[in-house]
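Now for the letters of each chain:
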Amino acid sequence: QVQLVESGGGLVQAGGSLRLSCAASGHTSSSSAMGWFRQAPGKEREFAAGISRSGGSTYYAEFVKGRFTISRDNAKNTMYLQMNSLKPEDTAVYYCAAARGTAQAMGVRSDFDSWGQGTQVTVSS
């Protein structure tokens, strides 16, 4: 399994931006599709964005389309989530995840078998 460490979370005002990073180790970075999930207090963990192994295909949940951009740099073993136009309802712990085998990162939680520890994003109104 790959080890994943998120960073970049914090407190931001509504309308602001944050960039999350996910550093991978113990695994060839290009071997897995990857994704970002989030979990707000009292809610289920939900898919936000996914990216293919090469980075050529990306997938987004409806609630982040047009505001968030997922990307990856396989040379640096790092994935990113650029979050713009943040809203208070984006407040959550954000987790990066790596998909198992050749699974696609299209939002099926059971396709992911490696998880980071999460980073808190808080958006104030």
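Note: the structure precedes this text.
Calculation rules
- Residues numbered from 1 in each chain as written.
- Predicted model: local features only at pLDDT ≥ 70, side-chain atom pairs only at ≥ 80, totals over all residues.
- Heavy atoms only, no water.
- Core = buried A, V, L, I, M, F, W, Y, C linked by side-chain atoms within 4.5 Å.
- Buried < 20%, exposed > 50% of the residue type's maximum accessible area, 1.4 Å probe, protein only.
- Helix = DSSP H or I, 4+ residues; strand = E, 2+ residues; numbered from the N terminus.
- Pairing = 2+ DSSP bridges.
- Axes fitted to C-alpha atoms, helices over the stretch in contact; angles between N-to-C directions.
- Polar contact = N/O pair within 3.5 Å; in protein donor to acceptor, adjacent residues only side chain to side chain.
- Contact = heavy atoms within 4.5 Å.

Undergrad: What should I look at first to understand the nonpolar core in this one?
TA: One recurring pattern in soluble globular proteins: nonpolar side chains tend to sit buried together. In this structure, Leu4, Trp36, Met79, Leu81, Met83 and Tyr94 are the most contacted members of the largest nonpolar core, which totals 25 residues. Of all the secondary structure elements, the ones that give two or more residues to this core are β3 (18–25), β4 (34–39), β5 (46–51), β7 (68–73), β8 (78–83), β9 (92–99) and β11 (119–124). Core analysis: the second largest hydrophobic core is formed by 8 residues, Phe37, Phe47, Ala105 and Phe112 among them.

Undergrad: What am I meant to see in the sheet that holds strand β1 (residues 3–7) here?
TA: Within a sheet, each strand pairs with its neighbour through backbone hydrogen bonds, oriented either parallel or antiparallel. Strand order in this open sheet of 4 strands is β1-β3-β8-β7, and the pairing throughout is antiparallel. Where the open sheet ends on each side, the last strands, each with one partner, are β1 and β7. With direction set aside, neighbouring strand axes in the sheet form an average angle of 15 degrees. The pairing of β3 with β8 spans 6 bridges and is antiparallel. Note on β8: the bridge partner recorded for Ser21 is Tyr80.

Undergrad: Looking at this structure, I do not really get the side chain of Thr78. What am I missing?
TA: Relative to the helices and strands, Thr78 resides in strand β8. Here Thr78 falls in the buried class, since its relative accessible area comes to 14%. Engagement of the side chain of Thr78 in a polar contact is seen with the backbone oxygen of Lys76, the distance being 2.8 Å. If sequence neighbours within four positions are ignored, Thr78 has contacts with Ser21, Cys22, Ala23, Arg72 and Asp73.

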